[in-house]
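Examination of the molecular architecture
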Amino acid sequence: MNFLRNAWYCAGWAADLGAEPITRTYLNEPVLLYRMRDGRAVAIGERCPHRFAPLHKGKLRDDCIECPYHGLRFDSSGACVHNPHGDGSIPKAAKVKAYPLAERHGALWIWMGDSALADESTIVDAHEIEKRAGWDVVQGQLNVKGNYELLADNLLDLSHVPFLHPFLSFDGPPPPGFSFHSDLKQEGDTVYAMNLLVNTPISPLYKLLWENPPEVGEMRAHMRWDAPSTLLLDTGMTSVGGPQSDGPSLPTAHFLTPETETSTHYFWAQARDHKVGDEPLSELLAKGVNDAFQNEDEPMIEDCQKLMGTTDLMSLKPVLLPTDAPAIRARRVLASLREKERQAAARPGG
Amino acid sequence: MNFLRNAWYCAGWAADLGAEPITRTYLNEPVLLYRMRDGRAVAIGERCPHRFAPLHKGKLRDDCIECPYHGLRFDSSGACVHNPHGDGSIPKAAKVKAYPLAERHGALWIWMGDSALADESTIVDAHEIEKRAGWDVVQGQLNVKGNYELLADNLLDLSHVPFLHPFLSFDGPPPPGFSFHSDLKQEGDTVYAMNLLVNTPISPLYKLLWENPPEVGEMRAHMRWDAPSTLLLDTGMTSVGGPQSDGPSLPTAHFLTPETETSTHYFWAQARDHKVGDEPLSELLAKGVNDAFQNEDEPMIEDCQKLMGTTDLMSLKPVLLPTDAPAIRARRVLASLREKERQAAARPGG
Amino acid sequence: MNFLRNAWYCAGWAADLGAEPITRTYLNEPVLLYRMRDGRAVAIGERCPHRFAPLHKGKLRDDCIECPYHGLRFDSSGACVHNPHGDGSIPKAAKVKAYPLAERHGALWIWMGDSALADESTIVDAHEIEKRAGWDVVQGQLNVKGNYELLADNLLDLSHVPFLHPFLSFDGPPPPGFSFHSDLKQEGDTVYAMNLLVNTPISPLYKLLWENPPEVGEMRAHMRWDAPSTLLLDTGMTSVGGPQSDGPSLPTAHFLTPETETSTHYFWAQARDHKVGDEPLSELLAKGVNDAFQNEDEPMIEDCQKLMGTTDLMSLKPVLLPTDAPAIRARRVLASLREKERQAAARPGG
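All values reported here derive from a predicted model rather than from experimental measurement.

Moving on, we come to the overall build of chain A. For chain A, the helix and strand inventory stands at five helices and 18 strands. At 23 Å, chain A has a C-alpha radius of gyration in line with the 20 Å of a compact globule built from 350 residues. Seen through its C-alpha atoms, chain A measures out along the principal axes to roughly 85 × 50 × 35 Å. When each of the 350 residues of chain A is scored for burial, the buried share is 40%. Within chain A, counting contacts between residues at least 6 apart in sequence, those at least 24 apart form 58% of the total.

Right, dumping it as structure tokens:
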């Protein structure tokens with residue numbers, strides 16, 4: 001399976017990249033990340049072209065990284081700018097790849113394909129999870145031993161919630177008048193999985209956020225998927241038929257970046273407009289998101305992948321349910337984008 | 001190497017399958033085992049056909065297993081009988097494989113091949129290790145990182161005993177009149193490795209079992225092999241030339257079930273007709289069998305397999321000794337049965 | 001990648017082979033090493049030809065090794081000389097390979113190729129690291145998860161020292177008159193990487209060895225490489241322009257023996273002619289060599305190999321610097337010797 005290369009992938013949370021250079025692998029490529037003295041974030045190849053030493057173990061010198069093995073220095077464009085040995089001459093080929101890197105919405109975004117095609121205006125609009133007035137945000141990250149499309153499938157089919165996340169569901173029979181509505185929508189290459197629960201009890205989570213809630217309410221969980229694997233969940237509760245301002249909103253980002261075919265960087269963030277400034281609540285919510293994923297979703301996805309024995313889901317001819325429709329739609333969009341990229345690369349001059 | 005599929009393999013000890021569903025892999029296939037409310041044991045595929053979730057992590061509901069990921073339910077025939085989502089319709093293909101499973105002689109027996117050919121009357125007769133009046137039985141199991149044929153070889157050539165199991169042998173020179181007789185016998189597809197020691201000292205093990213034994217005695221160790229890898233050892237001591245009732249009998253079962261090509265479920269049981277009801281002795285005997293295998297045979301078999309670098313013994317052109325004859329005979333019978341199965345499968349309609 | 005087989009490889013330090021048989025893998029072949037009662041060291045195949053049991057777990061009996069599984073015995077020529085079963089007849093094919101093994105300069109040397117070509121006079125002259133009057137020697141060994149050629153590269157290009165081994169370098173700017181000279185020399189199949197530092201400060205290491213040293217001195221570090229992977233470093237300090245007797249000499253051996261393509265036995269020894277008999281200093285020096293390699297070189301080489309994703313350095317088209325010249329020269333000599341061996345083996349009768 002190939003990856004879509006001409007696309008923005010989340011490289012991590014901006015706040016997590018400090019003074020120390022770090023390395024992360026995206027799409028099987030080890031990348032070095034560091035910040036220059038002016039704060040600008042840089043992404044270049046992690047592998048020194050001389051002896052293939054890990055550059056992130058080197059030292060930063062004047063905004064350049066010094067290879068820890070023999071001391072070659074590379075600048076933010078990936079060019080070798082210093083050879084400490086002999087007459088100091090620098091072979092022409094001494095350079096590493098430079099990756100377009102943008103900082104947007106509190107996240108770093110990396111472009112793994114052709115730099116000439118990198119257009120920052122195509123980074124997904126995730127302003128909902130930015131720090132801004134009237135909102136609090138918690139965020140985190142996990143490394144999951146599962147293929148990124150399996151993770152997206154999980155997020156696009158929330159019918160697993162009552163089975164995998166008992167504490168996020170309500171117990172007992174549904175109340176009178178309860179109804180559940182789901183819908184699939186596609187706009188261009190964007191896929192939406194819309195879920196609406198009407199006359200639903202207020203879950204323990206929303207009781208934490210909402211003072212004096214009604215007996216029952218309306219809950220929305222609209223997941224938006226954009227290629228390659230960027231998911232934004234518009235979720236919240238209101239009184240039945242009421243406007244969004246009526247109750248708490250909890251917009252949540254799920255950014256999935258393949259590390260390898262069988263492992264994924266999972267970056268998540270959750271904003272809220274209720275009980276802003278309540279630090280203990282922020283910690284509770286962060287722990288809640290993290291624990292649900294780490295203890296419930298992640299083991300299940302890893303188990304499934306192990307039993308699949310491959311990452312190519314469709315080759316196993318899975319028995320599909322109507323609840324799989326959004327996930328399958330997203331898979332088709334992505335497969336088609338990958339195929340277009342493959343054909344473009346195969347063209348003369350491609 | 002392929003496995004013989006149309007055969008009964010021991011799936012485990014019946015007493016070890018309780019109220020909780022469990023999973024074991026046989027012949028590379030992960031299988032779910034559980035008991036219905038009436039006590040009947042069931043074996044179906046472990047892998048949900050929807051998203052390949054591990055069914056043994058699900059809950060039993062009305063004799064059906066509920067998938068832990070999205071809640072599909074499968075009955076003991078492997079059919080999906082409940083979809084909790086949407087209109088509840090069930091895709092036709094939503095089913096897992098059902099395996100014929102029998103309970104016999106205190107063990108569970110699974111048929112990994114064509115169900116239509118599963119005939120319970122062909123399960124090996126192992127009544128010797130059943131709980132019955134006048135006999136005590138101890139049993140256990142180990143997972144061994146060795147190919148099942150290497151384990152069978154080990155059991156069919158007891159000439160390793162003095163070298164690998166010093167405590168099961170006698171020290172020093174053989175007593176006057178000592179003689180050793182071994183014989184190979186084949187009846188149909190059953191292979192026997194017969195061993196008889198005449199005028200042999202009473203080993204420490206038999207001193208535990210036999211009150212007032214003679215100075216020297218006769219010891220038999222007749223191993224019976226049936227395809228695919230079921231071994232029954234008729235062993236015991238008598239006075240020289242005496243009838244079996246003369247001294248202790250210790251019939252022992254060694255049921256070998258391939259997990260993968262390089263690992264094996266080893267189920268063993270040992271019955272005795274002396275000192276019945278002596279619980280501390282039962283514990284001692286169980287520990288003895290377990291320890292001898294775990295600390296002496298198992299490491300040796302795993303070492304050999306590592307040095308072989310393959311599980312295909314014959315491809316390495318081993319130097320064979322006369323003591324290998326029973327093991328090689330059993331390997332030939334099994335190879336011929338596998339070849340017959342392969343040819344039947346290749347025939348039109350096979 | 002193939003290995004040069006017709007060559008002497010260091011099998012270990014002679015002092016480390018005692019009464020107990022041991023096993024080591026060289027060039028992917030597991031070898032059994034033991035000493036006969038007269039002290040002579042023996043190397044034969046580790047794998048019993050009967051059931052492929054690990055012979056080093058057996059017992060020595062009359063200078064023969066007894067297989068721990070079924071008791072076959074093999075003598076120092078690899079021939080099976082005893083079968084304890086049945087009529088004791090020994091199959092003709094029951095033998096293991098015997099390897100020419102020599103003891104020289106405190107080391108054991110093994111010949112992995114055609115025995116007929118093994119000529120002990122071609123063992124590299126490493127008398128400098130032998131125990132002899134006026135010299136002390138420390139030695140040790142490490143198993144490194146890196147290809148042996150990467151280790152040789154490391155030793156043939158000491159320009160990594162200031163970056164990887166800060167404590168072996170001097171701090172701050174070079175003193176007045178400091179100069180550095182390096183040279184590459186080839187004599188037959190022997191490659192020399194010559195390094196000379198003139199007017200260099202006395203490093204902490206040499207201050208330990210040299211009483212009343214001058215303010216600055218001359219330091220030589222001449223590495224000699226012989227195929228397949230035997231390295232001898234002539235290193236020491238003198239006053240500027242002075243004779244070698246002027247200051248401490250620290251001749252050091254680095255014997256690299258491939259275990260597999262990705263792992264290497266690294267045997268090192270360091271002799272000195274100053275402070276002879278100072279045991280605490282010997283311990284300090286041994287710890288120093290060991291720690292520098294284990295904590296600094298070894299992790300770097302393993303990191304590089306991981307990032308290379310192969311052991312075939314040249315296939316990655318590394319960017320080469322002038323400081324790589326000796327390493328590349330040695331690689332070429334070795335590649336040419338391997339190619340000659342390959343062609344000889346391909347010839348009729350080869």
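Note: a rotation about an axis with an accompanying shift along it relates these two copies of the chain. Taken as rigid bodies, chain B and chain C are interconverted by a rotation of 120° and an axial shift of 0.0 Å, the fit giving an RMSD of 0.0 Å. Accordingly, the operation relating the two chain copies is best matched by a three-fold axis. In terms of C-alpha distance to the rotation axis, chain B has B:Gly309 as its closest residue, with the C-alpha 13 Å off the axis.

With that out of the way, let us pick up the interface of chain B and chain C. It is common to report an interface's size as the accessible area lost on association of the parts. With 15 residues of chain B at the interface, the matching set in chain C holds 18 residues. When contributions to the side of chain B that touches chain C are tallied by element, the ones reaching two or more residues are α2 (161–164) and α4 (279–308) of chain B. When residues of the side of chain B that touches chain C are assigned to their parent elements, the largest contribution, five residues, is made by α4(B). Classifying every residue of the side of chain B that touches chain C gives eleven nonpolar, three polar and one charged.

It is worth spelling out the domain arrangement of chain A at this point. Residues and elements named next belong to chain A. Looking at chain A, the domain boundaries give domain 1 (8–122) and domain 2 (127–342). Using only C-alpha atoms to locate each centre, domain 1 and domain 2 end up separated by 33 Å. Listed per partner, the contact involves twelve residues of domain 1 and 15 residues of domain 2. Among the elements of the structure, β1 (8–13) and β2 (22–26) are those that each provide at least two residues to the side of domain 1 that touches domain 2. Tallying contributions element by element places β1 first for the side of domain 1 that touches domain 2, with four residues. Along the lines of polarity and charge, the residues of the side of domain 1 that touches domain 2 split into six nonpolar, five polar and one charged.

Across the contact, 15 residues belong to chain A and 18 residues belong to chain B. Only α2 (161–164) and α4 (279–308) of chain A provide two or more residues apiece to the side of chain A that touches chain B. Partitioning the side of chain A that touches chain B into residue classes produces eleven nonpolar, three polar and one charged.

This next bit is on the nonpolar core. Ranked by internal contacts, the top residues of the largest apolar core, which has 228 residues, are A:Ile110, B:Ile110 and C:Ile110. Setting aside residues up to four positions removed in sequence, A:Ile110 forms contacts with A:Tyr9, A:Ala11, A:Tyr26, A:Ala43, A:Tyr99 and A:Leu101.

So, on to the sheet that holds strand β4 (residues 41–45) of chain A. Residue and element names in this part refer to chain A. One open sheet holds the four strands; their spatial order is β2-β3-β4-β9, and the pairing between them is antiparallel. Whereas interior strands pair on both sides, the edge strands pair on one side only; in this sheet they are β2 and β9 (98–99). As paired strands, β2 and strand β3 (residues 29–35) are joined by five bridges and run antiparallel to one another. Across the sheet, residue Ile22 finds its bridge partner in β3, namely Leu33.

Next up on the list: the sheet that holds strand β18 (residues 263–272) of chain C. All names here are of chain C. Taking strand neighbours across the sheet as the criterion, the seven strands line up as β12-β18-β17-β16-β15-β14-β13 in an open arrangement whose pairing is antiparallel. Taken across any chain shown, the strands that pair with only one partner, and hence form the sheet edges, are β12 (136–144) and β13 (179–187). Here the average twist between neighbouring strands, direction ignored, is 15°. Bridge count between strand β14 (residues 190–201) and strand β15 (residues 216–226): eight bridges; the pairing is antiparallel. Note on β15: the bridge partner recorded for Pro201 is Val216. Lying on the sheet, helix α1 (residues 148–156) is in contact with β12, β14, β15, β16 (230–238), β17 (252–260) and β18; it crosses β17 at an angle near 160°.

Looking now at the pairing of strand β13 (residues 179–187) of chain B. Here β13(B) pairs with strand β14 (residues 190–201) of chain B via nine bridges, running antiparallel. Counterpart to B:Gln186 in the pairing with β14(B) is B:Val191.

Now for helix α4 (residues 279–308) of chain C. Residues and elements named next belong to chain C. Helix length check: α4 (30 residues) gives 42 Å between terminal C-alpha atoms against 44 Å at 1.5 Å per residue, within 8%. Taken as a whole, α4 carries its principal kink of about 35° at Asp297; the proline Pro299 stands between one and four residues after it. Taken together, the buried positions of α4 are occupied by Leu285, Phe293, Asp297, Glu298, Met300, Ile301, Cys304 and Gln305. Against β12, α1, α2 (161–164) and β18 lie the buried residues of α4.

Checked against the element boundaries, A:Pro176 lands in the loop between α2 and β13 (179–187). Spatially, the C-alpha atom of A:Pro176 lies 43 Å from that of A:Asp312, the residues being 136 residues apart in sequence.

So, about the pairing of strand β16 (residues 230–238) of chain B. Residues and elements named next belong to chain B. By the criterion of burial, β16 is predominantly enclosed, with seven of the nine residues buried. Of the pairings in the sheet, the one linking strand β15 (residues 216–226) to β16 comprises nine bridges and is antiparallel in character. Following the sheet pairing, His222 is matched in β16 by Asp234. In sequence, β15 turns back onto β16 through a hairpin of three residues. Bridge count between β16 and strand β17 (residues 252–260): four bridges; the pairing is antiparallel. Across the sheet, Leu232 pairs through a bridge with Ala253, a residue of β17.

In this section: the packing of helix α1 (residues 148–156) of chain B against α4(B). Residue and element names in this part refer to chain B. The contact between α1 and α4 brings their axes to 10 Å, and the two run at 130°. Relative to α4, the element α1 lies oblique. As for how α1 packs across α4, the hand of that crossing is right-handed. Of α4, the residues touching α1 (which contributes Leu150, Leu151 and Asn154) are Asp297, Ile301, Cys304 and Gln305. Looking at the contact of α1 with α4 residue by residue, the class counts come to four nonpolar, two polar and one charged.

To continue, consider α4(B). Buried residues along α4(B) sit in contact with β12 (136–144), α1, α2 and β18 (263–272) of chain B. Backbone geometry just after α4(B) places B:Gly309 at a positive phi near 70°.

Our next topic: the packing of α1(B) against helix α5 (residues 325–346) of chain B. Helices that pack against each other are described as a pair by the angle of their axes relative to one another and the distance between those axes. All names here are of chain B. Relative to each other, α1 and α5 sit at 145°, their axes nearing to 8 Å. For the element pair α1 and α5, the recorded crossing hand is right-handed. Seen from α1, the contacting residues are Glu149, Ala152, Asp153 and Leu156; seen from α5, they are Pro326, Ala327, Ala330 and Arg331. A per-class count over the contact of α1 with α5 returns five nonpolar, no polar and three charged.

The predicted model of chain A averages 96 in pLDDT, with 99% of residues at 70 or higher. Model confidence for the complex: the whole-complex pTM is 0.94, and ipTM, which rates the interface, is 0.94.

Residues and elements named next belong to chain A. Relative to the assigned elements, Leu27 resides in the loop between β2 and β3. Classification of Leu27 as buried rests on a count of 21 C-beta atoms within 10 Å. Counting along the chain gives 23 residues from Leu27 to Leu4, while the straight-line C-alpha distance between them is 8.9 Å. Every residue in contact with Leu27, bar those within four places of it in the chain, is listed here: Phe3, Arg5, Met112 and Pro258.

In this section: unusual backbone geometry. Cis geometry is found at the peptide bond from A:Ala227 to A:Pro228, where omega equals 0°. With respect to the helices and strands, the residue A:Pro228 is situated in the loop between β15 (216–226) and β16 (230–238). The phi dihedral of B:Asp63 falls on the positive side, at around 65°, and the residue is not glycine. Secondary-structure assignment places B:Asp63 in the loop between β5 (59–61) and β6 (64–66).

So, how was this worked out
- Residues numbered from 1 in each chain as written.
- Chains lettered and ligands numbered in written order.
- Predicted model: local features only at pLDDT ≥ 70, side-chain atom pairs only at ≥ 80, totals over all residues.
- Helix = DSSP H or I, 4+ residues; strand = E, 2+ residues; numbered from the N terminus.
- Rg over C-alpha atoms; globule rule 2.2 N^0.38 Å.
- Buried ≥ 20, exposed ≤ 12 C-beta atoms within 10 Å, placed from the backbone.
- Contact = placed C-beta atoms within 7 Å.
- Least-squares fit on C-alpha atoms with pLDDT ≥ 70 in both.
- Nonpolar A, V, L, I, M, F, W, Y, C, P; charged D, E, K, R; others polar.
- Domains from an automatic or database assignment.
- Core = buried A, V, L, I, M, F, W, Y, C linked by C-beta atoms within 7 Å.
- Pairing = 2+ DSSP bridges.
- Axes fitted to C-alpha atoms, helices over the stretch in contact; angles between N-to-C directions.
- Expected span 1.5 Å × (residues − 1).
- Bend = angle between axes of the 7 residues up to and from the residue.
- Parallel < 35°, antiparallel > 145°, perpendicular 65-115°, else oblique.
- Left-handed = near helix turned anticlockwise from the far one by under 90°.
- pLDDT = per-residue confidence, 0-100.

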